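Per-entry structural report
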Amino acid sequence: MLFQFSNESVQKAYLATEENPYDLDAWNILLRELQSRKVEEIRPIFEKLVKNFPTTGRFWKVYIEQEMKARNYDKVEKLFQRCLIKVLNIDLWRLYLLYIRESKASLPTYKEKMAQSYDFALEKIGMDIQSFSIWNEYTTFLKQVEAVGQYAENQRISAVRKVYQKAVMTPMISVETLWKDYIAFENGINPIIAEKMSMERSRDYMNARRVAKEYEAITRGLNRNYPSIPPTGSNEESKQVSLWKKYIAWEKANPLRTEDPTVLARRIMFAYEQCLLCLGHHPDVWYEAALFLENTAKTFTEKGDNNSAKVFFEEAALMYERATSGVLNKNLLLYFSYADFEEGRMKYEKVHSTYQKILDIEDVDPTLAFVQYMKFARRAEGIKSARSIFKKAREDPRSKYHIYVAAALMEYYCSKDQNIAFRIFELGLKKFPDDPEFTMCYLDYLSHLNEDNNTRVLFERVLTSGNLPAEKSVDIWNKFLEFESNIGDLSSIIKIEKRRSSVLNQLKEFEGKETAQIVDRYKFLDLFPCSTYELKAIGYTDVLSVSSNPNKIILPLMNSDHVDDHEENEDKICRPDFSQMVPFKPKMDAYPGEHFIPGKAHILLIGYYSNCVCAIEISHVGGVEFPMATHRHTVSNEPFSVYFRVPSHSLCISTFFFLIGAYLHNFNIHRWKLPNATSSHSSRIYYPSCDILSRTFRGSGSSYGSFPSLTTTRCSPTPNW
């Protein structure tokens, strides 16, 4: 049934979900539209949504909220029955408690119903790091319950105390608030008992608070509302998988340091359940969860606790049942693991039903299932049972040649009967005469038996039957040539080469490549008579491409005296010029291009140029040049002074002189004299702890590079800008 939407973008999103049911972007667009419609109109779309994403709590929550708005409480309860137990989503469980509060408030048994709902919720979701609100609401609810009589009051106090004591030892966000409320509650009853209770429970509370901080850190970044979709290999998916596995490994490390293996197992399984909500399409998570339960059961068995072991064995079986009945109901790995698990428990009838369940799926290739089924039957019930399974496999039209190979090798290795194995191969050859891969398996078997005559007869039968076209016979001709090279004489080898060449020359890949064809006569395993470049030059790589499995043939590595294609590609990558890089070694007296020691240098230059006085400020801090500020005004053509200011501790004197000379040269000043003076006065910008150096210049003389002798005088007064 197709729906029509007036909004074009919504209609496109709806059609996109029809084409790809796991298109999350399209579903998000459609979901916004669905929330504005009456639920009766779009209920089939919601059903499709929760069918495609059966473990996504956010989608179930939206669907149930729409039914609650319409006051369809019967449908709401049915929806909760479908999703609540298997979807341990904290927001979904909060909605469940809200529904109980609103819909059952008028019932005479409301308080009992509400208390049972809170107990049920805390049993399932109470270990969640965000479960504070449920714990807090439950204690508040219990405190508000009216108690008539001393006995009822004591019962109420005991119930509140029990919930508080369980809450403060559960790692969660805001566990500190629950601890404060608990102490206040005990003080309100009896301060003496409160002190005793505080001392008894403080250790568990401190442990829970410590673990809660670790819990919050280890789960940071986890998207618990991430819909479960088939693996895509995206970066976001890989990140989420890594975070989930990190969280599960943290739980397995027993951060609570509990000595109760049941408590530890419950916390680990809660982590797995949370993970499966988001990674339900990943078979490894299902298998690891079931394997953990199985190992836990074995641990209890070793300790002699058979009752606990039985419980965990049943939970492991239930986990496998859920895995093979959910979104991965066609995943053979989970079926085979489940069958092996039940075989280990000696429940052979369950194993038979598991394999039969796979074989009953119409659109699944049953070949591998039949092979594993035969192996199980042989292990558990003997070779006759395996033969009966083989008979069923032959009658199934979906089965491929592999079942004949598996049955024949089973007879050869297990019953030690070569004749039965030979007859099975012959039976398979009649059914798959045009399948070169089956023929290769048959040839390998005969070669293993070292029966030269039968092997040669099989080669001739297959190659002269006319069932195999030239392109499918390449591997068999290569195998025939290899066989003759190992046991035949030179004349037989040449004869086979000629026959092979006459057939393979029909393929364009072999035209004009007589030299390439002769390579197969002399090669052995991964040894070739030519280098890789020579093999490419004579066209041998083109010949390999015709093979049904060219990856089996490994060419020799490139010689070191040739340029590797990989290296040529690497040369095309833009890389920095490492020869121009300077080691980071800051110096006091650094040349241009080298690193300065972090510090400050400030120069105020007043120069005479074109009848102007120019004040130029240069600030250098930690290797960073600040913008220059210039101030000028006209004066008469007279000798003038240039003032430099620099912190004496941050700039070496030679670098300072160099900067002075460079800037004076720009102002065409060539002769200069340096008296020395100090003053705390600064000009336009104040820098504390500065030396003020005064120099007097004349308009002509030698170049700035020749530094005359220095004289020292007191600089007074300092110009006021």
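Residues numbered from 1 in each chain as written. Predicted model: local features only at pLDDT ≥ 70, side-chain atom pairs only at ≥ 80, totals over all residues. Heavy atoms only, no water.

Another point: a nonpolar patch on the surface. Taken together, F524, L525 and L527 make up a surface patch of nonpolar side chains, about 360 Å² in accessible area. In this fold, L525 is placed in the loop between helix 26 (514-522) and helix 27 (532-537). Classification of L525 by relative accessible area gives exposed; the value is 66%. (Patch = residues over 30% accessible without salt bridge, like charges linked within 9 Å, V, L, I, M, F, W, Y side chains within 5 Å. Areas by Shrake-Rupley, 256 points an atom, 1.4 Å probe, with all protein chains shown as cover. Salt bridge = Lys/Arg side-chain N within 4 Å of Asp/Glu carboxyl O. Helix = DSSP H or I, 4+ residues; strand = E, 2+ residues; numbered from the N terminus. Buried < 20%, exposed > 50% of the residue type's maximum accessible area, 1.4 Å probe, protein only.)

In this section: the packing of helix 23 (residues 452-464) against helix 24 (residues 474-487). Relative orientation of the contacting elements helix 23 and helix 24 amounts to 150°, with a least axis distance of 11 Å. Taken as axis vectors, helix 23 and helix 24 run roughly antiparallel relative to one another. The two elements helix 23 and helix 24 meet at a crossing, and its hand is left-handed. Where helix 23 abuts helix 24, its residues D452, T455, R456, F459, E460, V462 and L463 lie against I476, W477, K479, F480, F483, E484 and I487. Here the contact of helix 23 with helix 24 is built from residues that sort into eight nonpolar, one polar and five charged. (Axes fitted to C-alpha atoms, helices over the stretch in contact; angles between N-to-C directions. Parallel < 35°, antiparallel > 145°, perpendicular 65-115°, else oblique. Left-handed = near helix turned anticlockwise from the far one by under 90°. Contact = heavy atoms within 4.5 Å. Nonpolar A, V, L, I, M, F, W, Y, C, P; charged D, E, K, R; others polar.)

Once that is clear, we can look at the packing of helix 6 (residues 90-103) against helix 7 (residues 110-125). Contact geometry for helix 6 and helix 7: axes closest at 10 Å, N-to-C directions at 175°. Considering the angle they form, helix 6 stands roughly antiparallel to helix 7. Contacts between helix 6 and helix 7 involve I90, W93, Y96, L97, I100 and R101 from the former and Y110, M114, S117, Y118, F120, A121, K124 and I125 from the latter. Grouping the amino acids of the contact of helix 6 with helix 7 by side-chain chemistry returns 11 nonpolar, one polar and two charged.

Right, let's get into the nonpolar core. Counting 109 residues, the largest nonpolar core has I45, I64, F80 and Y247 as its most contacted members. Here the element with the most residues in this core is helix 13 (residues 261-278); it accounts for 10 residues. (Core = buried A, V, L, I, M, F, W, Y, C linked by side-chain atoms within 4.5 Å.)

Once that is clear, we can look at the pattern of salt bridges. Scanning all chains against the criterion turns up 31 salt bridges. Measuring nitrogen to oxygen at the nearest pair gives 3.3 Å for the salt bridge that ties D365 to K400. With D365 in the loop between helix 17 (348-359) and helix 18 (367-381) and K400 in the loop between helix 19 (383-395) and helix 20 (402-415), this pair connects stretches of sequence that are 35 residues apart. Three or more residues are tied together by salt bridges with common partners; here these are E314, E342, R345 and K347.

Among the secondary structure elements, P227 is positioned in the loop between helix 11 (191-218) and helix 12 (235-252). Here P227 falls in the buried class, since its relative accessible area comes to 7%. Between the alpha carbons of P227 and L277 there is a distance of 7.6 Å; along the sequence they are 50 residues apart. With sequence-adjacent residues up to four places away left out, P227 is seen in contact with L24, F53, T56, R58, F59 and C278.

This paragraph deals with helix 4 (residues 57-69). A rise of 1.5 Å per residue sets the reference length of helix 4, with its 13 residues, at 18 Å; its end C-alpha atoms lie 18 Å apart and thus fit the reference within 8%. Three or more residues of helix 4 are buried, namely G57, F59, W60, V62, Y63, I64, Q66, E67 and M68. Lining the buried residues of helix 4 we find helix 2 (24-34), helix 3 (39-52), helix 5 (73-83) and helix 6. Looking at the residues trailing helix 4, positive phi occurs at R71, about 60°. (Expected span 1.5 Å × (residues − 1).)

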